[in-house]
Amino acid sequence: MAMAGSGVLPAEVDVAVVGAGFSGLYMLYRLRGLGLRAVVFDEAGDVGGTWYWNRYPGARCDVPTTDYAYSFDAQLEEDWVWSEKYAAQPEILAYLQHVADRYDLRRDIRFGTRITAAVWDEAARRWRLRTGDGDEVSCRYYIMASGCLSLPKAPDIDGVDRYRGEVYLTGRWPHGGVDFSRKNVAVVGTGSSGIQCIPLIAGEAARLTVFQRTPNFSVPARNGPPPPDRVALLATDRAGYRQAARWSRGGVPRELTDVSGVTAPEYVRRERFEDAWQAGELFAILGVFSDQGVNAVSNSRVAEMIREKIRAVVSDADVADALSPTDYPFGTKRPCLDTSYFETFNLPHVRLVDLRRTPIVAVTEAGIDTAEESFEFDAIVFATGFDAMTGPLVSVAVTGTDGVTLEDKWQHGPVTYLGLMTTGFPNFFTITGPQSPSVLSNMVVSIEQHVDWIADCLQRLRAENLDRIEPTPLAEAGWVQHNQDCADITLYPRANSWYMGANVPGKPRVFLPYIGGVDAYRRACDEVAENGFMGFRLDGPAGSRCNDGVIRRLQPDMAMVLDLVASLGLPPIEAMSAPDARAFSEATAASRPPGPEVGEIADGVLPGPAGDLAYRLYRPPTRGPHPLIAYFHGGGWVLGSQDSDDPLCRDLCVRTGSVVVSVNYRHAPEDRFPAAADDAFAAVAWIAANAAALGGIPGQLTVAGWSAGGNVAAITCQLARDAGGPDIASQLLLAPVTDCDLGRPSYASNGEGFILTAGLMRWFWDHYADEADRANPKASPLRGTLDGLPPAVVVTAEFDPLRDEGDAYAGALAAAGVPVRHIRARGHTHTSLTMVDVVISGAPVRAEIAEALDSLRPEPARS
Ligand code: NA7
C-alpha cells in the first residue's frame, strides 16, 4: 500500500519535483545523493507515473524492457529480471514500486497531491508552489518530472457527457480492471493504446466496434521471453551495453545502416524490410533504410511493404484497405507494436467503422451516432490520446519573472534551451521536455541523461556558491532554430501527429521533440556544461557570470556530413599533387546522388581563346525556348570540369526552368592566371551569340558560377561591361572567390573543419596566380569597378572561409547601384548547396536562389 510522505509538508525545501514516475524517482534519488532537501508531488496514489495510470488491457512498453530500465545502479540491474521482451504494465509498475522501496523514496513523496500553481519570487530567488489542497511550499529549484504523455486529451466529441453506459479512458483505467464479457463494446481511437487493447477486449466482449479516424502502421511485437542475444550482451558487458545506449541515435544500441531505400535493389530492400518485420522492434522498422525519415520515395517503399502485410492478414479487402495508412509518411505518426491487431478484424464479432467515410456526429445517451448509423453500446473505451509534451507543463499555472506564465510564453509553441529550461523561468527544469529527444527515444535513457545533467548542474551551482540559473534569449532562440532545422529536413512535419501538436484542437502546429538523436543531443548538453554552462546566466552570492552563445548553428545534415568526413581521416587535398587531387575529387563525386532528372543532357564543345572548351548542356523537361544560364564549376581553378557540378546543374536547370550550359575552362597549374577568366569570357560570348540555337531566349542570359567558377563569372560580367557585350541579363555568384586577401575574419573562424579550408584556398591561389597578379580585378573582382554590372544574386554561407569576401562583393555591388539579392545561407558551408540530396537543408536555399533569379528577369520572362 502506498504511503504519503510522512509528517507535515515542509514550508521550505531545496528542490520540489512534480511527478513520481521514472523521472521523478530517479531525480529524487540523485537529489538525496547530493544532500539536497527534496519533496516530490504526484496526483496519483502511488509511484509509477504513466505506468500507474495506463492500466488498460494489453498496456506494454514499446521499447524492449531489457533497455527500458534504469542503468544507474548495477546491483539493481542484477537483481531485477524481466519476464518478457515487452513487459506488461503490472510488471513495469512493480519494478518502479521496487525501486521506490529499495531506495526508500516514498517518505519524500506526497501522493494524491497536485501542484496547481508556481510563482517565481525574484527577491527571494525561490519558487512558491501551491498544491490543490491550498498548501504552499517554497523551493530554490522546481523540476517538472511530469512525463510527456500524462495529460489525457480532453474528449473532443459532441455529447460525451450525455452517454449513460460505462465510459473508460485508457489513460485513466480503473484499478480493479474492467469485465467486458457479454458486453457490446466500442473503442474510439487506434493509436498505440487502442491497438494494444483492441485484441484483448475483442477476446472478452460479445461484440466490439472500433471507431478509426486515422489508420496506423503497426508491426507484430513478437513478444515472448527477453531476446537471448540482448540478455547475453547485458550479462557479459552490462556497462558497455548501457554506454552504447547512451551514445546511440535512439537510446537503444543499434548499428545504423547506409542502405538507401531509393538506390538499393529491390531484393535488398525486401530482405532488409523482412528482417525488421521479424525483429518486431520500432527502431528496426524505423531504420530499414538510412533515408526513410527524410526521403519520400524511400519512405513510401517501407510503407507499401507494411500495407502488403496488412492485406495479407486481413481477409476482407475493404477492411484491409481502411486499415492501411496512405496519407502520411511511415514513422511520422508514432508506429505501433501489436499482438494480433490486424487479425482481430477477421473475427465475426469485431467491426471497423471508418470515420473518414462516416464521421462521428455525436455521442448519444445510448451509444455513438455516425453520419450513417446509430450504434448502441454497453461500454465505450476512449483511446484518444494525450495533450502531449507541453500539456502537462502548461497545465500548472507557472509564472516566471515579469509575471509571464508558461502558457502565455508558449502560446505559439514551446520555446526552450535544450528542452531543459526556458528563459524567464529561472531555476525551473523540465525532464524530457519539448525540444529534447524524449518521445523519439528510449525514454528511460533520456530521463537518466536529463536527471544526471540537472543533478550535476545543481552540484556545480552549489560548489560555486551560485543559486540562480536561467538561459539567455540568444541561446534559447538558437536552440529553437536548431530544433526547427532538424525537423525541417525530415518528413515528420507532414503528418497530423501528436508530435506536431496536431491531435489537440487549437494547439499550435510545431514539431515538439528534438529529432537530432540521443547521441547528438547528449553531446550538445555536455558541451554546454563543459563550456561554463554556455548560454546560461548564473547568479548567486558569488556573483554573476554568463558565457553567452548558440550551441548548434550548423545545419544538422551538414554537421553529419562533416562528422563523416572527419571520421574518414582523409589526407588534406593541399598535401596532394594537382593530378592526385583531381583523381580524388572525381572519385568522391562518383558516389554522390545524381540530382533530379532533367529533360535532356547534351555534351558539346565551343571555341575558346586557346582551343575548344567542352560543355554539358542541361535542358528542362518543359517546352522551350528557356532562359539560359552559362555556368562555371568550382574547384579552385585547379579541379573540376563541365560535369563536376552535375547534381547542382540539374537542380538549377529544373528549379529555374533554364537551359544550363556548364562550360569547362583551362585549369592551373598547367594554365595559370588569367586563362580561366579569358576562357569564361569567350564561352559567354559564344553562348550569347548562339542563344537561340541552344534553345535559349536571346537577352535572357545569366552568368553563374560556384566558388572559383563564381570568380570567373563575376569577372566575365565586368569584362562584358567593358567590352560593350555580350549582353548579360543577370549574374549568380555562389560562394564566389572575389578577393585575394585571405585575412578576413571568416578565414579565421571557418578556415578549418568545414571542407574548404584556409590551407586549401591558399594552395588554390598558389597554383593559379603569382602574387603580383592577384590584386588584378581579373583575379580579384572585388577590386574592379562595379557600376553598370548586371543585377546579381550573391549567395554566401555562414561557415565558409569565403563568406566575408562574398558579403563584401554583395555590399560593394549594391553601393555601386547594382540591384543585388544577397542570400545568406544560415548554418551552411562552402559546399552545402552543391551537395544536392545529401545536404537536404540546402534545398530551400536553392529554391530561394531560383526565386531570386526569377525576380531579376524582365517581366514577360518571369515564370
Ligand atoms: P494516440 O497515438 O494519440 O492515438 C489516439 C487515437 O485516437 C488516434 O487514433 C486518434 O485519431 C484517435 N482520436 C483522437 N481524437 C479522436 C476523436 N475526436 N474522434 C475519433 N478519433 C479520435 O494516443 P495513444 O494513447 O494511443 O498513444 C500515445 C502514445 O503512448 C503512443 O504513441 C506511445 O508513444 C505511447 P487521429 O490519429 O488523431 O486521427
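Refer to the structure presented above.
Before going into details, it helps to say that this report is about the structure given with it.

The rules behind the values
- Residues numbered from 1 in each chain as written.
- Predicted model: local features only at pLDDT ≥ 70, side-chain atom pairs only at ≥ 80, totals over all residues.
- Heavy atoms only, no water.
- Pairing = 2+ DSSP bridges.
- Helix = DSSP H or I, 4+ residues; strand = E, 2+ residues; numbered from the N terminus.
- Axes fitted to C-alpha atoms, helices over the stretch in contact; angles between N-to-C directions.
- Parallel < 35°, antiparallel > 145°, perpendicular 65-115°, else oblique.
- Left-handed = near helix turned anticlockwise from the far one by under 90°.
- Contact = heavy atoms within 4.5 Å.
- Core = buried A, V, L, I, M, F, W, Y, C linked by side-chain atoms within 4.5 Å.
- Buried < 20%, exposed > 50% of the residue type's maximum accessible area, 1.4 Å probe, protein only.
- Nonpolar A, V, L, I, M, F, W, Y, C, P; charged D, E, K, R; others polar.

Here strand S20 (residues 536-540) runs beside strand S21 (residues 543-546); their pairing, made up of 4 bridges, is antiparallel. Within the sheet, the bridge partner assigned to glycine 540 lies in S21 and is glycine 543. What sits between the antiparallel neighbours S20 and S21 is a turn of 2 residues.

Looking now at the packing of helix H1 (residues 22-33) against helix H14 (residues 443-463). Look at H1 against H14: their axes get within 9 Å of each other, and the N-to-C directions meet at 30°. Classified by the angle between their axes, H1 and H14 sit roughly parallel to one another. Of the two elements, H1 crosses H14, and the hand of that crossing is right-handed. Contact residues: H1 offers Phe22, Ser23, Tyr26, Met27, Arg30 and Leu31, while H14 offers Val444, Ile447, Glu448, Val451, Asp452, Ile454, Ala455, Asp456 and Leu458.

With that settled, the discussion passes to the sheet that holds strand S22 (residues 600-608). Spatially, S22-S23-S25-S24-S26-S27-S28-S29 is the arrangement adopted by the 8 strands of the open sheet, whose pairing is mixed. The strands lining the two open edges of the sheet, one partner per strand, are S22 and strand S29 (820-829). The mean angle between the axes of side-by-side strands here comes to 20°, regardless of whether they run parallel or antiparallel. Where strand S24 (residues 626-632) meets strand S26 (residues 696-706), 6 bridges bridge the pair, whose relative direction is parallel. Within S26, the position partnered with tyrosine 631 by the bridge is alanine 704. Contacting S24, S26 and strand S27 (730-734), helix H22 (residues 708-723) runs over the sheet at an angle of about 135° to S26. Here helix H26 (residues 803-815) sits on the sheet and contacts S27, strand S28 (792-799) and S29; the angle it forms with S28, its principal contact strand, is near 150°.

This part takes up the nonpolar core. Ranked by size, the top nonpolar core spans 84 residues in total, and within it Phe22, Tyr70, Tyr95, Leu418, Phe429, Trp453 and Phe536 carry the most contacts. By residue number, the principal contributor to this core is H14, which donates 10 residues. If we ignore the near neighbours within four places in the chain, the residues touching phenylalanine 429 are Tyr141, Tyr142, Ile143, Met144, Leu420, Met421, Trp453, Ile454, Cys457, Leu458 and Ile469.

Bringing the packing of helix H19 (residues 646-656) against helix H27 (residues 843-856) into the picture now. Axis separation between H19 and H27 bottoms out at 9 Å; the angle between their running directions is 50°. The angle between the axes of H19 and H27 places the two elements in the oblique class. H27 is crossed by H19, and the crossing has right-handed handedness. Two secondary-structure elements touch here, H19 through Leu648, Asp651, Arg655 and Thr656 and H27 through Ala843, Arg846, Ala847, Ala850 and Leu853. Here the contact of H19 with H27 is built from residues that sort into 5 nonpolar, 1 polar and 3 charged.

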